[in-house]
Amino acid sequence: MSATGVLREDHEEIRRFGEVVARCHSALLAGADVPLPDLRRIAAVIDEFLDSVHYSREEDSYFPCVASYGLRKEVHDLLVEHEFSRRIAARLRRYLDGWEAGADGREPVARHLRTYCIYLEDHLRKEDDLFERAGAGILSPEEESEMYRQFTEDVAAARIRDMKAEVAYLAGRPWAA
Ligand SMILES: [Fe+2]
Ligand SMILES: [Fe+2]
């Protein structure tokens, strides 16, 4: 497989996660019981997988490489969106803290989950377009295999396994049915 292929696989898993987040949003709106630890786990997937693993792959390796072939504007816009998503995630964590401390966090948490879902859908679609272009002859086979090697080293692979397990766990919770 190629580095582009790895990122596409990440996106498939992120889409599954996005579906869980959307179900969580609906459950909160419907007044269903969504335990705080589950919401914390959603926030942890955002931080520990989306940000620490997937964004790193893009920001530290793939985007700089693609930008060096002239797709600077596209890469710049995607980086701005990453920052936007980090701000949503930070606010989500703040509202979760408040909820845990006794405030009613249901509405703001639901709203931020929904914003995150909308961001994800739009962002992944734009990146898939970039992958399409970059994977079709912009990146050299050497660049693809060098980044592939980085992306699949042990620590990253272990984190992806953890993320898949987390998404499967969350998808099996009663509120996600
Ligand atoms: Fe991204
Ligand atoms: Fe991505």
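It should be noted that the structure appears before, not after, this text.
## With respect to the packing of aromatic side chains
For the coordinates displayed, the defined rule picks out three aromatic pairs. Both rings, one in Tyr-62 and one in Phe-131, keep their centres 5.4 Å apart while their planes meet at 80 degrees; by these two values the pair is edge-to-face. Taken together, the residues Tyr-62 in helix α2 (residues 36–67) and Phe-131 in helix α4 (residues 106–138) connect sequence positions 69 residues apart. The pair formed by Tyr-62 and Phe-131 is uniform in burial state, with each residue classed as buried.

## Observations regarding the layout of surface pockets
Over the atoms a probe the size of a water molecule is rolled, and this reveals where empty space is left. Approximately 230 Å³ is the volume attributed to the largest pocket. Considering the residues around the largest pocket, the lining is formed by 15 residues, among which Val-6, Glu-9, Asp-10, Ile-160 and Lys-164 are closest to the centre. Only α1 (3–29), α2, α5 (141–151) and α6 (154–171) provide two or more residues apiece to the lining of the largest pocket. Per-element tally for the lining of the largest pocket: the top contributor is α1, with six residues. The residue makeup of the lining of the largest pocket, split by class, is seven nonpolar, one polar and seven charged.

## Quick notes on the nonpolar core
Among the nonpolar cores identified, the biggest contains 37 residues, and Phe-17, Leu-28, Leu-39, Ile-42, Leu-50, Leu-113 and Trp-175 are the most heavily contacted of them. Elements that contribute at least two residues to this core include exactly α1, α2, α3 (72–100), α4 and α6. The dominant element in this core, judged by the number of residues it contributes, is α2, at ten residues. With sequence-adjacent residues up to four places away left out, Phe-17 is seen in contact with Ile-42, Val-45, Ile-46, Leu-50, Met-163 and Val-167.

## Quick notes on the coordination of the iron ion (ligand 2)
Coordination sphere of the iron ion (ligand 2), protein contribution only: His-11 (NE2), His-54 (NE2), Glu-58 (OE) and Glu-127 (OE), at 1.9 to 2.2 Å. Between the four donor atoms coordinating the iron ion (ligand 2), the angles at the centre fall across 83 to 176 degrees, so the site counts as irregular. Mapped onto the sequence, the residues coordinating the iron ion (ligand 2) show the spacing H-x42-H-x3-E-x68-E. Taken as a pair, the iron ion (ligand 2) and the iron ion (ligand 1) lie 3.2 Å from each other and share Glu-58 as a ligand. Of the two residues, His-54 and Glu-58 are both situated in helix α2; the distance of four residues between them amounts to about one turn of the helix. Each member of the pair His-54 and Glu-58 is classed as buried.

## Comments concerning the packing of α1 against α4
At a closest axis distance of 9 Å, the pairing of α1 and α4 adopts a crossing angle of 160 degrees. Considering the angle they form, α1 stands roughly antiparallel to α4. The way α1 lies across α4 gives a crossing that is left-handed. A per-class count over the contact of α1 with α4 returns 15 nonpolar, five polar and eight charged.

## Considering the coordination of the iron ion (ligand 1)
Surrounding the iron ion (ligand 1) are the protein donor atoms Glu-58 (OE), His-82 (NE2), His-123 (NE2) and Glu-127 (OE), at 1.9 to 2.2 Å. Mapped onto the polypeptide sequence, the residues donating to the iron ion (ligand 1) form the spacing pattern E-x23-H-x40-H-x3-E.

Reading the values: rules and limits
Residues numbered from 1 in each chain as written. Chains lettered and ligands numbered in written order. Predicted model: local features only at pLDDT ≥ 70, side-chain atom pairs only at ≥ 80, totals over all residues. Heavy atoms only, no water. Phe/Tyr/Trp six-rings, centres within 6.5 Å; stacked < 30°, edge-to-face > 60°. Helix = DSSP H or I, 4+ residues; strand = E, 2+ residues; numbered from the N terminus. Buried < 20%, exposed > 50% of the residue type's maximum accessible area, 1.4 Å probe, protein only. 1 Å grid on protein atoms, 1.4 Å probe; cavity = no way out; pocket = protein on both sides within 12 Å on 5 of 7 lines; lining within 4 Å. Points joined across faces, edges and corners; volume = space filled by probe spheres on them. Nonpolar A, V, L, I, M, F, W, Y, C, P; charged D, E, K, R; others polar. Core = buried A, V, L, I, M, F, W, Y, C linked by side-chain atoms within 4.5 Å. Contact = heavy atoms within 4.5 Å. Donors = N, O, S within 2.8 Å, 3.2 Å for Na, K, Ca; no water. Tetrahedral: all angles 85-135°; square planar, octahedral: opposite > 155°, others 65-115°. Axes fitted to C-alpha atoms, helices over the stretch in contact; angles between N-to-C directions. Parallel < 35°, antiparallel > 145°, perpendicular 65-115°, else oblique. Left-handed = near helix turned anticlockwise from the far one by under 90°.

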